[in-house]
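# Structure at a glance
The lines below spell out each chain.
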Amino acid sequence: MEKVIGIDLGTTNSCVAIVENGSPVVIPNRGGYKTTPSMVAVTEAGKRIVGHIAKRQAITNAENTVYAAKRLIGRKWNSPQVKNSVATSSYRIVEGPHADVRIVLREKEYSVPEISAMILQEMKVIAEDYLGEPVKKAVVTVPAYFNDNQRQATKDAGEIAGLDVIRIINEPTAAALAYGFGRNLEKTVAVYDFGGGTFDISILEIAQNGVFKVIATAGDTFLGGEDIDARVIDWLVQGFKTEHNVDLRQDRMALQRLKDAAEKAKCELSAVRETEINLPFIISSGRNEALHLQRTLDRKTLEELSADLVERTVEICKQTLEDAKLEKKDVEEVILVGGITRMPKIQEAVAQFFDREPGKGVHPDEVVALGASIQGAALVDDKQEMILLDVTPHALGIMTFGNFFEELIPANTTVPTHRTKVFTTSRDNQTAVKILVMQGDSEKAEENELLGEFILTGLRRAPKGTVEVEVTFEINADGIVSVRAKDLETSLEQSIQVTATSGLTRDEISSMIQNAQGQLLDRRASEEFETHRQEAEKLVAEIERLFPQVEQIVATSDFGRDAIDKARSIVDRAKQAIARKDLDAVKEHVEGLSRTQRMFKGVVART
Amino acid sequence: MSSDSGNPPQKKTPAPGRAVALPPQRSRAFTIPDDGAVEEARQLSISMDSSKPDALVARSTPQARAAELVAPRPAAPVMPGPKVHYSASALELADAREPELEFDIDLSDDGGSEPPERPTEPAPPNYEASAQRAVDGTIPIDGSLLAPPIPAEARIPMPAPREVNFAEDMSDLVAVGDYSGALEIADRRLEQNPGDDEALQVRDQCRAVLIQMYSARLGSLDRVPVIIVPQEQLRWMSIDQRAAFMLHHIDGVSTLEMILDVSGMPLLEAMRILTELLQQRVVTFR
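For clarity, every value in this text was computed on a predicted model and none was experimentally measured. (Residues numbered from 1 in each chain as written. Chains lettered and ligands numbered in written order. Predicted model: local features only at pLDDT ≥ 70, side-chain atom pairs only at ≥ 80, totals over all residues. Heavy atoms only, no water.)

### Some words on the packing of helix α7 (residues 252-268) of chain A against helix α8 (residues 241-249) of chain B
Going by this rule: Every axis corresponds to a line fitted to the C-alpha atoms, with the helix fit spanning only the stretch in contact, and the corresponding angles, defined between N-to-C directions, vary from 0 to 180 degrees. Numbering of helices and strands runs from the N terminus, with a helix taken as a DSSP run of H or I at least four residues long and a strand as a DSSP run of E at least two residues long. Handedness of a helix crossing follows the sense of rotation of the near helix relative to the far helix, less than a right angle counterclockwise being left-handed and clockwise being right-handed. Residues count as neighbours in contact if any of their non-hydrogen atoms are within 4.5 Å of one another. In this classification, the charged set is Asp, Glu, Lys and Arg, the nonpolar set is Ala, Val, Leu, Ile, Met, Phe, Trp, Tyr, Cys and Pro, and all remaining amino acids, among them Gly, are polar.
Taken N-terminus to C-terminus, the directions of α7 of chain A and α8 of chain B make an angle of 35°; their axes are 10 Å apart at the nearest point. Two packed elements cross with a definite hand, and for α7 of chain A against α8 of chain B that hand is left-handed. Facing α7 of chain A, whose interface residues are Met253, Ala254, Gln256, Arg257 and Asp260 of chain A, α8 of chain B presents Gln241, Arg242, Ala244, Phe245 and His248 of chain B. The residue makeup of the contact of α7 of chain A with α8 of chain B, split by class, is 4 nonpolar, 3 polar and 3 charged.

What follows is the structure in structure tokens.
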């Protein structure tokens, strides 16, 4: 059976999992970590780095390090979220050729799917290293509120990374899948997902036949665990300023260390009551005196620092339940997602709000990826059947006279679905109507996302309000939206099929795929060279260690001296091949070196 | 010349109270070095340049080179009594090659007395001997072994730097193999005149040589460095903020290449710091 990986492509961290022997497992990266920071950077030397290594230089190389690309994926340049990111990001965001978003790293422009592809490619490599075989198929998760363009952009990112994204599923759905795996649940669950950069709350119904239905979803894309880190950093900076009158924020190196230390302290305080933050030589004073930072942070202080952030999540939960017309008692289980939910105060707040203890049976960092892998395995296994029933994350409708948004399909409607409404003309003698298809939750049309437009012509000339036009929206099981406008008098009709777009053309995607494959090949070649280089260097060292002994033993024999000369020649050629990074030559010399080493060992052993 | 240049160490002593570059992280406390430090201290090469009577010539470190380029402080008065504590940081393990001095001066009010007269030429201190005796435990290091400190009230503004012939110094330094010294002068010249061809050439040459030197000392960039000094002891080491930042990236998993990549520092500086940390035995390789 073909292997399908499940990828949780997070705003701050990503995770990859696979089903092995019937059980889903998370695959650790080379550093042994089960999550990988969703960060991409280009170093001064032009090298592309992804994950932990990129995170560790995120402040000192802030202009060339992309974080939270997920907030930008599939969005239009003029969207408020993009404007917000432009104002708050340390890297440069510019307008792309199709009114999309591009990111500039070391003078080179990258599309957002390209950046996300680098992260997906890293996850692919992690899985391939673990499995020892190529991986081609993946199920990738996205937030439940992602619109069609964002979903398509995520699929494009997968394609650029060399992955066939066989399904995009909602993150809370994936979490619920993992939670309900093998348990045959029939419950209404709340998925409280407090990630590194975003907060989401979703209410799902899990039916006994394996049907998962998202009833409601909401969140804040600028609220996450990193905000708590920022509070700890503020606390440290303020304390240091009071003590030494030095502002650590002015020094990037100090700030990078503070950021890492704050995150570490936050994580530690979920398990212990207090932790020491010790950063020697954090900065030099104006008098060139080395200053050290040493402070103890206790859990109570951390809770005080983050109290309002936790409260905000609770408020969003409250609002979501109200929107879904649900009572707290309707929620039978609460699933926690995101590393920060290990914080006792958060667990306490969630328990207090929902009047029940959150479930602790799933790992908050891994649960989404595990769910994706379960869905992936189900999709390629004919024996398994799992139906995921999702809802429209946002309302769908058209723009009407006065720039208003008229909703046809409300948010949280289960798909597939279709709805019809009848409209009339807004001017006298109007012979054509323009149908602007939109997605969003605002009454003001301009605040919603334009999905497409078309014109219905041939209407009868008549006073305004007399000609009736029927508009029908239909969403099929694949999530494709069709809109039809029909003149009820003449039965003339016009329609449009809204195809999601990431903002990239087919040519651009093809070019990006090639580029990404080239990068991967270079990386693989470099890794292969490294393996052979290490082997060759080990053999060279061993041979050189044996040289004096062997020379002494064969000193009297012409044949022996000849062998020594040959051995020296092999060693020299191997060294030269390593120096010029010639993989083929190094591979070739490894054989000769092995023979020489065996021969030398044999000579030494016989004496 | 520095011992790095291959010349034998010379037994030269600084003029009393002369230009002293105080590195930022120096401990103010009295420090007794270990054997290695004393050995390194022996390598100190502090020489009086007869043509520049006011300058200490010490080319092994940037700080020392900076000292060469500024005018010295005036001779300091003798401060007798228990208020004065001083130590020779040149004896410390970490930067033992730096011919730098450090003073720990109690600047408390001494009753409003007049500043003491400046001494004529006090006897020059003998660092090697004092260091050796300190380690042997034969005698405690006391103030008589060091140049007298300058009381706060006796400090006077530093005079303007002497005229320096950068071109000549740069070439001289390259000629004697002091590439870091030459690079520093080349950088300074380029600050003043970015199109200075000679400085550009020297800068590139020096960088290439220094990178080669550091690469040779560090070995393969695939090696994984690890910190061997306990975290709580790090603050007692003679390192600076940049070295501490570099240590922050050493996690026992990342290779030298990765660390150089993520340090965000220019390659040359990052390699220099790693080399120094290796020499100071703060880090080693797996």
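### Side note on helix α9 (residues 344-354) of chain A
Residue and element names in this part refer to chain A. Formally: Exposure is judged per residue with a 1.4 Å probe applied to protein chains only, and the accessible area is read against the type maximum: over 50% gives exposed, under 20% gives buried, and values in between give partly exposed.
All of the buried residues in α9 are Ile346, Gln347, Ala349, Val350, Ala351, Phe353 and Phe354. If you follow the buried residues of α9, they end up packed against β13 (187-194), β14 (199-206), α8 (299-323) and β18 (333-337). Immediately beyond the C-terminal end of α9, within one or two residues, lies Asp355, with a positive phi of roughly 60°.

### So, the packing of aromatic side chains
Residues and elements named next belong to chain A. This is how it is decided: Here a pair means two rings of Phe, Tyr or Trp (six-membered ring of Trp) with centres within 6.5 Å. Their orientation is stacked below 30 degrees between planes, edge-to-face above 60, and tilted elsewhere.
Within this structure, the stated rule accounts for 7 aromatic pairs over all chains. Seen in terms of ring centroids, Phe547 and Phe600 are 5.2 Å apart; in terms of plane orientation they differ by 75°. Their pairing is edge-to-face. Remark: Phe600 occurs in helix α13 (residues 583-606) and Phe547 occurs in helix α11 (residues 506-553); sequence separation between them is 53 residues. No difference in accessibility class separates Phe547 from Phe600, as the two residues are buried.

### Examining the interface of chain B and chain A
Heads up, the condition is: The term salt bridge refers to a side-chain nitrogen of Lys or Arg lying within 4 Å of a carboxyl oxygen of Asp or Glu. Within 3.5 Å is the distance limit for a polar contact, defined as a pair of N or O atoms, with the added protein rule that one can donate a hydrogen and the other accept it, and that residues adjacent in sequence qualify only through two side-chain atoms.
At the interface, 30 residues of chain B touch 28 residues of chain A. Seen at the junction of chain B and chain A, the total is 4 salt bridges. Ionic pairing is found between Asp222 of chain B and Arg533 of chain A, a salt bridge with its closest N-O pair at 2.4 Å. The tally of links from chain B across to chain A stands at 11 residue pairs in polar contact (both at pLDDT 80 or more). Of all the secondary-structure elements, those providing two or more residues to the side of chain B that touches chain A are α7 (231-234), α8 and α9 (256-262) of chain B. Among the elements that make up the side of chain B that touches chain A, the one with the highest residue count is α8 of chain B (6 residues). Residue composition of the side of chain B that touches chain A, by class: 13 nonpolar, 9 polar and 8 charged.

### Here's the deal with the pattern of salt bridges
Applying the stated rule across the entire model yields 48 salt bridges over all chains. A salt bridge links Arg102 of chain A to Glu508 of chain A; the nearest nitrogen and oxygen atoms lie 3.3 Å apart. With Arg102 of chain A in strand β9 (residues 101-105) and Glu508 of chain A in helix α11, this pair connects stretches of sequence that are 406 residues apart. Note on accessibility: Arg102 of chain A and Glu508 of chain A belong to one class, buried. A salt bridge links Glu269 of chain B to Arg242 of chain B, with the nearest nitrogen and oxygen atoms 2.3 Å apart. A residue pair is termed long-range when its members are at least 10 positions apart, and Glu269 of chain B in helix α10 (residues 267-279) and Arg242 of chain B in helix α8 qualify at 27 residues. The network of salt bridges with common partners includes Arg30, Glu122, Lys124, Glu128, Asp129, Arg523, Arg524 and Glu527 of chain A.

### Considering the confidence of the model for chain B
All names here are of chain B. Using the following cut-off: As a per-residue measure, pLDDT reflects the predictor's confidence and takes values from 0 up to 100.
Averaged over chain B, the pLDDT score is 60; the fraction of residues at 70 or greater is 41%. Taken together, the stretch residues 1-148 has pLDDT below 50 and engages in 252 contacts with residues farther than four places along the chain or on a different chain. The complex model carries a pTM of 0.69, and its ipTM stands at 0.70.

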